[in-house]
Amino acid sequence: MTRQLNLRVNDEFAERLERLSRKTGRSMAAVLETIGSPAFEAAEADIQFEAAALAAWEDYELTGTHVSAAAIETLFGEALDQAKAVAEKHRG
């Protein structure tokens, strides 16, 4: 199922989208979906990360329980690996 959206964008954005659409031979909608999907995934991942960080901070303030530096390094390493996997998925 598809939906039609009417969006207001500035002239420069519209011109760039039209130019890219012509160069790739794809519709403007297809170009937006291709570009937008990775951006949505990244934004959603950022929101989840921020929510988890806020929950962890609130838990710390309530309980005083904290996470070791090694655990933080592991979390950041996993986040980096996930970001690389998403980037690679959309590159190829």
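Located above this text is the structure these notes cover.
Below is a summary of the structure that appears in this document. In this text, all values refer to a predicted model and were calculated from it rather than measured experimentally.

Criteria and cut-off values
- Residues numbered from 1 in each chain as written.
- Predicted model: local features only at pLDDT ≥ 70, side-chain atom pairs only at ≥ 80, totals over all residues.
- Heavy atoms only, no water.
- Helix = DSSP H or I, 4+ residues; strand = E, 2+ residues; numbered from the N terminus.
- Rg over C-alpha atoms; globule rule 2.2 N^0.38 Å.
- Buried < 20%, exposed > 50% of the residue type's maximum accessible area, 1.4 Å probe, protein only.
- Expected span 1.5 Å × (residues − 1).
- Bend = angle between axes of the 7 residues up to and from the residue.
- Contact = heavy atoms within 4.5 Å.

1. Describing the overall build of the protein
Okay, so step 1: Secondary structure assignment for the protein yields three helices and zero strands.
Okay, so step 2: Here the C-alpha atoms of the protein give a radius of gyration of 20 Å, more than 25% beyond the 12 Å that 2.2 N^0.38 yields for 92 residues.
Okay, so step 3: For the protein, the spread of C-alpha atoms along the principal axes amounts to about 55 × 30 × 30 Å.
Okay, so step 4: Split into buried and exposed, the 92 residues of the protein put 5% on the buried side.

2. Focus on helix α2 (residues 28-63)
Okay, so step 1: Across its 36 residues, α2 extends 51 Å between first and last C-alpha, which sits within 8% of the 52 Å expected from 1.5 Å per residue.
Okay, so step 2: The principal kink in α2, of about 30 degrees, is found at G36, preceding the proline P38 by one to four residues.
Okay, so step 3: When we look at burial in α2, the residues that qualify are A30, V31 and G36.
Okay, so step 4: Taken together, the buried residues of α2 touch α1 (11-24).
Okay, so step 5: Positioned one or two residues after α2, G64 has a phi angle of 80 degrees, which is positive.

3. Section: the environment of R16
Okay, so step 1: Tracing the backbone through its elements, the reader meets R16 in helix α1.
Okay, so step 2: Residues R16 and L32, 16 residues apart in the sequence, show an inter-C-alpha distance of 11 Å.

All quantities given are derived from atomic positions and should not be read as evidence of function.
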